[in-house]
Number of protein chains: 2
Amino acid sequence: MSAIDELTGELPAGVLVTDPDVMEGYRRDKAALVPAGTPAALARPVSTEQVSVIMRWAARHGVTVVPRGAGTGLAGGANAIDGCVIVCLERMTAIREIDAVDQVAVAEAGVINADLERAVRGQGMFYPPDPGSFEISTIGGNVATNAGGMRCVKYGVTRDSVLGLEIVLADGRVLRTGARSLKNVAGLDLTSLFIGSEGTLGIVTAATVKLRPLPATPPAVFVASFPALSAAGQVVTMIMAASVRPSMLELIDNATINAIEDYRRMDLDRNAAALIVGQADGSDALKDAERIATICEQAGADYVACTRDPDEADGLIAARRLAGTALLEAGPTVIEDIGVPRSRLAEMLGEIERIAREAKVRIATVGHAGDGNLHPTLVLDDTEPTTRDHALAVAEAICLAAISRGGTVTGEHGIGMLKRGWLASQLDGTAIDVHDRIKAALDPRGLLNPGRGW
Amino acid sequence: MSAIDELTGELPAGVLVTDPDVMEGYRRDKAALVPAGTPAALARPVSTEQVSVIMRWAARHGVTVVPRGAGTGLAGGANAIDGCVIVCLERMTAIREIDAVDQVAVAEAGVINADLERAVRGQGMFYPPDPGSFEISTIGGNVATNAGGMRCVKYGVTRDSVLGLEIVLADGRVLRTGARSLKNVAGLDLTSLFIGSEGTLGIVTAATVKLRPLPATPPAVFVASFPALSAAGQVVTMIMAASVRPSMLELIDNATINAIEDYRRMDLDRNAAALIVGQADGSDALKDAERIATICEQAGADYVACTRDPDEADGLIAARRLAGTALLEAGPTVIEDIGVPRSRLAEMLGEIERIAREAKVRIATVGHAGDGNLHPTLVLDDTEPTTRDHALAVAEAICLAAISRGGTVTGEHGIGMLKRGWLASQLDGTAIDVHDRIKAALDPRGLLNPGRGW
């Protein structure tokens with residue numbers, strides 16, 4: 001009996017699939033520039049126990065396992081490896097619990113971020129992490145990459161909303177981390193160690209997350225149009241140094257404004273060097289938004305506006321959210337994800353423009369400016385090998401420019417396969433050795449998503 | 001030449017001390033109930049390089065190393081082990097950098113929390129973590145225990161304010177984690193792994209921390225007096241479920257109120273079952289405080305007050321801050337540190353009263369109620385062995401009661417030596433095995449603070 005037949009026998013019918021046509025849809029994530037292998041099988045477990053069965057089997061037979069959620073990753077971290085079993089968590093969709101008193105929910109790995117959001121919204125709460133993919137990405141994938149989003153500038157990234165995890169280890173044992181209490185320093189912070197580990201240390205099957213009460217009144221939205229990119233970068237440090245904390249602070253550059261307008265008319269100023277768009281959601285949201293707008297005027301904005309009208313506000317935020325879709329329409333894209341200290345934003349934006357000009361590549365930049373997290377998006381003419389190679393070289397140049405400014409090659413998307421080579425400029429040999437030692441301690445045979453994450 | 005003589009020769013004069021009288025002052029932290037061994041030497045390095053020299057030497061000779069800061073810990077995590085070298089970071093007091101634009105500081109491990117706070121306050125910022133020991137504890141010790149404080153309810157614990165660490169590993173290499181950018185998912189989250197690790201995985205020599213802009217206007221303080229402990233517990237969930245986030249939300253029980261009044265007249269209501277004291281610091285702080293006071297009235301408070309007058313406000317917060325000192329005056333104390341989900345606060349407070357009554361021990365409880373973090377403080381008649389044994393049994397009963405309510409044996413003080421036995425009820429065999437594997441991966445000879453943390 002083959003090893004695959006043995007696993008088929010250990011799982012209920014339908015969990016393990018070897019049909020190449022079905023597997024084809026699970027071979028890769030959304031990273032355009034990285035290769036994907038051919039899996040031996042695809043497993044779609046519906047329970048933690050089934051994930052355990054799979055990992056015990058994999059450990060017995062030395063089979064590589066690649067965990068994945070919805071496959072919305074942008075770094076190839078969920079791409080198949082030849083001969084692997086893909087473990088897709090998409091069918092583990094139970095929201096096991098919503099506790100409106102303690103403001104906590106327990107969601108399985110396959111729950112779509114927006115589904116969790118909708119489920120808790122009805123009870124007067126929200127789940128803060130809102131990656132751009134929130135309508136299609138899973139909580140498990142969000143945990144695996146420590147996903148961010150627009151609300152992070154006030155409410156933090158995925159890690160800041162996770163109290164504990166349920167994880168299947170490389171040997172099939174189930175590890176439960178964290179506690180239901182908000183503060184907990186009992187033992188090492190295993191929860192944080194697994195968050196952002198991209199499936200290299202274990203398979204996250206469920207997360208206990210913190211929720212927040214919905215704001216009492218609608219948030220107020222502000223928008224400011226800048227004639228110079230440098231001023232748009234500088235205003236971000238001015239806003240964040242003021243004693244008002246926006247719940248969203250985004251930057252949209254000229255190329256992105258025009259891509260959005262080409263895609264759908266939103267009445268954005270096509271001549272602006274950059275727009276700053278954001279919102280405030282405190283108890284006096286409009287006053288806060290007006291203070292931020294005033295700061296934008298002082299920094300050189302030639303147009304500012306604030307609104308608490310839900311339709312107008314939603315329109316402005318919708319324009320920002322359209323950026324990703326609009327750029328995808330413009331051609332094959334490579335979405336970068338650098339982070340820099342906020343004081344270097346203006347300089348970094350200039351550097352991206354310089355790199356684009358010299359490399360003759362169209363780059364549209366949008367980003368979570370309040371966190372110093374930018375998504376320079378390369379819009380390519382085609383996906384020919386030479387175009388891809390050139391795009392990779394440009395992406396690398398951008399990443400190295402971020403590192404040299406005290407930043408990071410990835411703020412919220414992860415290293416996956418795409419950025420492993422560039423990471424060496426950010427993490428030195430000692431840091432990589434510590435990574436390798438932890439990996440060897442938890443997955444001594446290197447079965448879990450080898451070659452990804454660092 | 002003895003090993004100690006060898007190390008003396010490798011360090012500048014004065015760094016290594018073997019005088020028993022000097023070492024006596026460094027043998028223990030503030031945990032009353034745990035034993036301390038006799039060290040072979042005390043090292044007081046002034047640089048990261050000196051810490052490296054010490055660890056390389058320790059690795060060569062297989063010598064146990066116990067790192068410590070100011071020794072304000074409450075769980076024995078910094079107590080000497082027979083034959084160890086104590087590495088005290090108290091002389092590494094440089095604030096290497098304060099960046100008011102990016103709102104970041106780099107502080108060495110020996111910097112006193114309040115000194116950092118004072119240094120950044122002059123530039124319009126504050127450092128959020130404010131453990132009760134903030135005037136005497138160090139940033140390194142705060143990192144080692146993931147220290148909390150009163151402002152955590154809005155601004156998070158130490159982990160939420162640390163961007164990166166400089167750490168000397170067990171073999172003497174220097175590991176640098178994190179980045180200067182606010183978001184960073186490049187590689188594993190080693191920063192979080194070391195935060196709260198109580199010196200078991202490496203010696204933290206410096207931390208890069210996030211600062212916040214000072215509130216534009218003085219915070220508003222609220223106080224509410226409750227005739228029943230259960231109502232005081234319940235109001236906490238009501239406040240936290242409202243869309244207003246206090247920047248402080250503390251509970252003081254009757255025994256603590258009276259201890260404070262015995263120590264210094266603060267005009268607190270000696271008959272109240274509990275006081276809820278807190279503050280709001282948003283752009284409309286007084287309105288927020290008034291909303292919270294209204295919720296307290298609805299929950300059964302028989303007296304509420306709000307103030308934005310700085311003198312009155314400081315007085316109320318000072319009363320809360322006096323609790324620790326006042327209880328220390330009342331006799332030898334054992335300060336517990338449990339955490340429970342907020343919905344279980346009322347029940348947990350009742351259980352603590354029941355345990356105190358049955359065990360005939362005076363217990364005064366104060367706590368960071370907004371986070372579900374309570375410090376039941378046992379006030380003992382003496383420190384005789386039978387009294388200590390009884391106190392330990394009572395402390396254990398309180399910890400087990402917290403675990404059985406989904407909570408933790410330690411919210412912000414750490415496990416140290418004191419709570420290792422009780423942790424087994426919170427972390428199962430798989431979790432402990434994962435801890436042991438990570439320890440073995442980073443410190444294979446078990447030199448760093450063995451027997452502490454889990």
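Here the structure is a predicted model, which means the values were calculated and not measured.

Visitor: Help me understand the domain arrangement of chain A, please; the structure alone is not making it clear to me.
Guide: Note: interface size is frequently given as the accessible area lost on complex formation between the parts. All names here are of chain A. Per the domain assignment, the segments of chain A are domain 1 (3–88), domain 2 (95–213) and domain 3 (220–404). A straight line from the C-alpha centre of domain 1 to that of domain 2 covers 22 Å. Facing 13 residues of domain 1, the contacting portion of domain 2 comprises 16 residues. When domain 1 packs against domain 2, the two sides together hide about 1,100 Å² of surface, and 68% of this comes from carbon and sulfur. At the junction of domain 1 and domain 2, the tally comes to zero salt bridges. Taken together, the residues that form the side of domain 1 that touches domain 2 break down as seven nonpolar, five polar and one charged.

Visitor: How should helix α3 (residues 48–61) of chain B be read in this particular structure?
Guide: One full turn of an α-helix is made of 3.6 residues, so residues set three or four places apart face in the same direction. Residue and element names in this part refer to chain B. With 14 residues, α3 extends 20 Å between its outermost C-alpha atoms, agreeing within 8% with the 20 Å of an ideal straight helix rising 1.5 Å per residue. Within α3 the residues assigned to the buried category are Thr48, Gln50, Val51, Ser52, Val53, Ile54, Met55, Trp57 and Ala58. Positive phi shows up at glycine 62, right after α3, with a value of about 65 degrees.

Visitor: Honestly, helix α11 (residues 310–330) of chain A in this entry has me stumped. Any pointers?
Guide: Residues and elements named next belong to chain A. Helix length check: α11 (21 residues) gives 30 Å between terminal C-alpha atoms against 30 Å at 1.5 Å per residue, within 8%. The sharpest bend along α11 measures roughly 40 degrees and falls at alanine 323. Considered for burial, the residues of α11 that qualify are Ala313, Ile317, Ala319, Arg320, Leu322, Ala323, Ala326 and Leu327.

Visitor: Help me out: how do you make sense of the packing of helix α1 (residues 3–10) of chain B against α3(B) in this one?
Guide: For any two helices packed against each other, one specifies the crossing angle of their axes together with the interaxial distance. Residue and element names in this part refer to chain B. One way to put it is that α1 packs onto α3 with a least axis distance of 10 Å and a crossing angle of 160 degrees. One way to sum up the angle between α1 and α3 is to call them roughly antiparallel. With respect to the hand of their crossing, α1 and α3 are arranged in right-handed fashion. Of the residues in α3, those touching α1 at Ala3, Ile4, Glu6, Leu7 and Glu10 are Val53, Ile54, Trp57, Arg60 and His61. Class assignment for the residues of the contact of α1 with α3 results in six nonpolar, one polar and three charged.

Visitor: I tried to follow the environment of A:Val304 on my own but got confused; where do I start?
Guide: All names here are of chain A. Turning to its location among the elements, valine 304 is positioned in strand β15 (residues 303–307). With relative accessibility at 22%, the residue valine 304 sits in the partly exposed group. In the structure, valine 304 is positioned 82 residues away from phenylalanine 222 in sequence and 7.3 Å away in space, judged by C-alpha atoms. When sequence neighbours within four positions are dropped, the list of residues in contact with valine 304 reads Val223, Ala224, Ala293, Cys296 and Glu297.

Visitor: Where do I start with the sheet that holds strand β4 (residues 85–88) of chain A in this structure?
Guide: Where strands meet in a sheet, backbone hydrogen bonds hold them as pairs that are either parallel or antiparallel. All names here are of chain A. Spatial ordering of the open sheet is given by β1-β2-β4-β3, a layout of four strands whose pairing is mixed. Edge strands, defined here as strands with exactly one partner in the open sheet, are β1 (16–17) and β3 (65–68). Bridge count between strand β2 (residues 41–43) and β4: three bridges; the pairing is parallel. Paired with leucine 42 across the two strands is isoleucine 86, which belongs to β4.

Visitor: It is not clear to me how unusual backbone geometry should be interpreted in this structure. Could you clarify?
Guide: The bulk of non-glycine residues show a negative phi, and the bulk of peptide bonds are trans. Residues and elements named next belong to chain A. The backbone of asparagine 146 shows a phi angle near 50 degrees, a positive value even though the residue is not glycine. Looking at the secondary structure, you find asparagine 146 in the loop between α5 (139–145) and α6 (152–155). Even without being glycine, glutamate 198 reaches a positive phi, approximately 55 degrees. Within the secondary structure, glutamate 198 is located in the loop between α7 (190–194) and β10 (203–210).

Visitor: Can you help me understand the packing of helix α8 (residues 229–241) of chain A against helix α10 (residues 285–298) of chain A in this one?
Guide: Residues and elements named next belong to chain A. It is at 10 Å that the axes of α8 and α10 come closest, and there the two elements cross at 140 degrees. With respect to α10, the axis of α8 lies oblique. Here α8 runs over α10; the crossing is right-handed. Mapping the contact onto sequence places Val235, Met238 and Ile239 in α8 and Ile292, Ile295 and Cys296 in α10. Among the residues forming the contact of α8 with α10, the class breakdown is six nonpolar, no polar and no charged.

Visitor: Before we go on, may I ask you to explain the interface of chain A and chain B in this structure?
Guide: Facing 82 residues of chain A, the contacting portion of chain B comprises 83 residues. For the pair chain A and chain B, the two sides together bury roughly 6,300 Å², of which 57% comes from carbon and sulfur. Considering only the surface of chain A that becomes buried against chain B, A:Lys183, A:Val185 and A:Leu188 emerge as the three largest contributors, covering 14% of it. In this assembly, chain A and chain B are joined by six salt bridges. In this structure, the connection of chain A to chain B is made through 28 residue pairs in polar contact (both at pLDDT 80 or more). Of all the secondary structure elements, the ones that give two or more residues to the side of chain A that touches chain B are β9 (174–176), α7, β11 (212–213), α8, α10 and α15 (429–442) of chain A. At nine residues, α15(A) tops the list of elements feeding residues into the side of chain A that touches chain B.

Here is what the cut-offs are and how they apply
Residues numbered from 1 in each chain as written. Chains lettered and ligands numbered in written order. Predicted model: local features only at pLDDT ≥ 70, side-chain atom pairs only at ≥ 80, totals over all residues. Heavy atoms only, no water. Domains from an automatic or database assignment. Contact = heavy atoms within 4.5 Å. Buried area = accessible area lost by both parts, 1.4 Å probe. Salt bridge = Lys/Arg side-chain N within 4 Å of Asp/Glu carboxyl O. Nonpolar A, V, L, I, M, F, W, Y, C, P; charged D, E, K, R; others polar. Helix = DSSP H or I, 4+ residues; strand = E, 2+ residues; numbered from the N terminus. Expected span 1.5 Å × (residues − 1). Buried < 20%, exposed > 50% of the residue type's maximum accessible area, 1.4 Å probe, protein only. Bend = angle between axes of the 7 residues up to and from the residue. Axes fitted to C-alpha atoms, helices over the stretch in contact; angles between N-to-C directions. Parallel < 35°, antiparallel > 145°, perpendicular 65-115°, else oblique. Left-handed = near helix turned anticlockwise from the far one by under 90°. Pairing = 2+ DSSP bridges. Polar contact = N/O pair within 3.5 Å; in protein donor to acceptor, adjacent residues only side chain to side chain.

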